[in-house]
Amino acid sequence: MKEDVRDKPSLEHEDVLRLNFIRSPGIFLYRQHYRAGLRSHIMEVLSPEDVARETAGVIIDGLKHFPRARPLKMLRIFRTRFNSLRDAEEELKRIKIVGKHLAPDYIARSDEFLVHYARHGKYELLLCGLQEYVEGEVIDPWSHLDENHLVSLLSFMGFAKDEDLERISNRWIRRIREKAEHFIDRLKQMIAQSNHIPDLAGVGNLILTRFGNIRLVDINNISRVSFNRTIPLDDRGYPVCDKSIEALSLMEQKLLCRTLDRGDPIYNMFLDPERMKDVKEVEKRFHILVKEDREGPGAGQYIHRY
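Keep in mind that this is a model prediction, so the values were computed, not measured.

A. Main features of the overall build of the protein. From N to C terminus, the protein includes eight helices and 12 strands. Since a compact globule built from 306 residues should have a radius of gyration of about 19 Å, the 21 Å found for the protein is in line with a globular shape. Seen along its three principal axes, the alpha-carbon backbone of the protein occupies a region of about 55 × 55 × 35 Å. The buried share of the protein, reckoned over its 306 residues, is 49%. In the protein, of all internal contacts separated by at least 6 residues, the share reaching a separation of at least 24 is 66%. Of the roughly 16300 Å² that the protein leaves accessible, carbon and sulfur atoms contribute 50%. Taking the 50 positively charged and 49 negatively charged side chains of the protein as two groups, their mean positions are separated by 2 Å.

Put into structure tokens, the structure is as follows:
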């Protein structure tokens, strides 16, 4: 019996080619990206020529290098099961809300599509997306995010010479702060106008580019923001709404060097000390359940900070 692609902990190139909506053999190679987790498979779409250079190496100035193949696109295969076309359309609406507020500068552009996934002679709705590959370094709201840390990220992106770093780092940090302010304003506007927020808490969900932009690359856990005392949980039992707003507040404090406005309705509700204490307990229970379910599909790969 062919295993459901949504249940597999990981995928290989051959698994993708066996999907009824993927052309086989096709002209691309597929390799699982390291961020694949509980909610979607994320496959790098690669050129065979680039993979061949990565494997065999190339000679540059007498030295052999093995340049890693750069993805042309990222193929996302969502694990979500939809009971009806209407449910799938609701999911697409949430994705479009995020795109409306963050595109084009603050999100990895993505084209979502619904397909009929063939399984045991029947067809089920499956949501997929072809997403822009964003190159850069992961930015973690829970890390220091001071000037030294930001400069170290810049050096990881290829500015290895001290004179290069000294020449551009101050200008680059100013640009990060400027772009971060726009990003945070867009997110707050999204909450105010649509009552939705994307997952900002997941490790690797935010990428800092060489141009100083913060780009959201994970769009498959969009939470509704409800201004009440109930702590909303996602379908896995994670308090993603509260943790994403906490992440938003940390970026505002660290990247903008700004004291939070406790009169802001968002922060007044979600950063209440008693509520945050309850959220931390919920999050701990979530991680205990994930640990106990390590034999399940993708378990242990979905990581959040707390």
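B. Local environment of helix 3 (residues 85-102). In this model helix 3 runs 26 Å from its N-terminal to its C-terminal C-alpha over 18 residues, within 8% of the 26 Å that 1.5 Å per residue would give. Within the sequence span of helix 3, burial applies to Ala88, Glu91, Leu92, Ile95, Val98, His101 and Leu102.

C. Inspection of the pairing of strand 2 (residues 40-46) at higher detail. Of all seven residues making up strand 2, seven are buried, and the element is well covered by its neighbours. Here strand 2 shows no split at all, with Ser40, Ile42, Glu44 and Leu46 on one side and His41, Met43 and Val45 on the other all buried. Judged from the four bridges that link them, strand 1 (residues 29-32) and strand 2 form a sheet pairing that is antiparallel. Across the sheet, Leu29 pairs through a bridge with Leu46, a residue of strand 2.

D. Region of the structure containing the sheet that holds strand 5 (residues 73-78). Here five strands make up an open sheet; going across it, the order is 1-2-5-7-6 and the pairing antiparallel. The open sheet has two free edges, formed respectively by strand 1 and strand 6 (110-119), since each of these has just one partner strand. When the angles between neighbouring strand axes are averaged without regard to direction, this sheet yields 30 degrees. By the bridge criterion, six bridges tie strand 2 to strand 5 in an arrangement that is antiparallel. By the bridge assignment for strand 5, Ser40 is matched with Phe78.

E. Structural view of the packing of aromatic side chains. Under the criterion given, the structure shown has three aromatic pairs. Ring centres 5.8 Å apart and planes at 70 degrees place the aromatic pair Phe227 and Phe270 in the edge-to-face group. Here Phe227, found in the loop between strand 12 (223-224) and helix 6 (240-255), pairs with Phe270, found in helix 7 (residues 265-270); they are 43 residues apart in sequence, far enough to count as distant. Residue classification places Phe227 among the partly exposed positions, given a relative accessible area of 40%. By relative accessible area, Phe270 is classed as buried at 1%. For the pair Tyr238 and Phe286, a centre-to-centre distance of 4.9 Å together with 65 degrees between the ring planes defines the contact as edge-to-face. Taken together, the positions of Tyr238 in the loop between strand 12 and helix 6 and Phe286 in helix 8 (residues 273-292) put the pair 48 residues apart, joining distant regions of the chain.

Reading guide: rules and limits
- Residues numbered from 1 in each chain as written.
- Predicted model: local features only at pLDDT ≥ 70, side-chain atom pairs only at ≥ 80, totals over all residues.
- Heavy atoms only, no water.
- Helix = DSSP H or I, 4+ residues; strand = E, 2+ residues; numbered from the N terminus.
- Rg over C-alpha atoms; globule rule 2.2 N^0.38 Å.
- Buried < 20%, exposed > 50% of the residue type's maximum accessible area, 1.4 Å probe, protein only.
- Contact = heavy atoms within 4.5 Å.
- Areas by Shrake-Rupley, 256 points an atom, 1.4 Å probe, with all protein chains shown as cover.
- Lys, Arg positive; Asp, Glu negative; His and termini not counted.
- Charge placed at Lys NZ, Arg CZ, Asp CG, Glu CD.
- Expected span 1.5 Å × (residues − 1).
- Pairing = 2+ DSSP bridges.
- Axes fitted to C-alpha atoms, helices over the stretch in contact; angles between N-to-C directions.
- Phe/Tyr/Trp six-rings, centres within 6.5 Å; stacked < 30°, edge-to-face > 60°.

Everything listed here is a matter of coordinates, which is why it stays silent on function.
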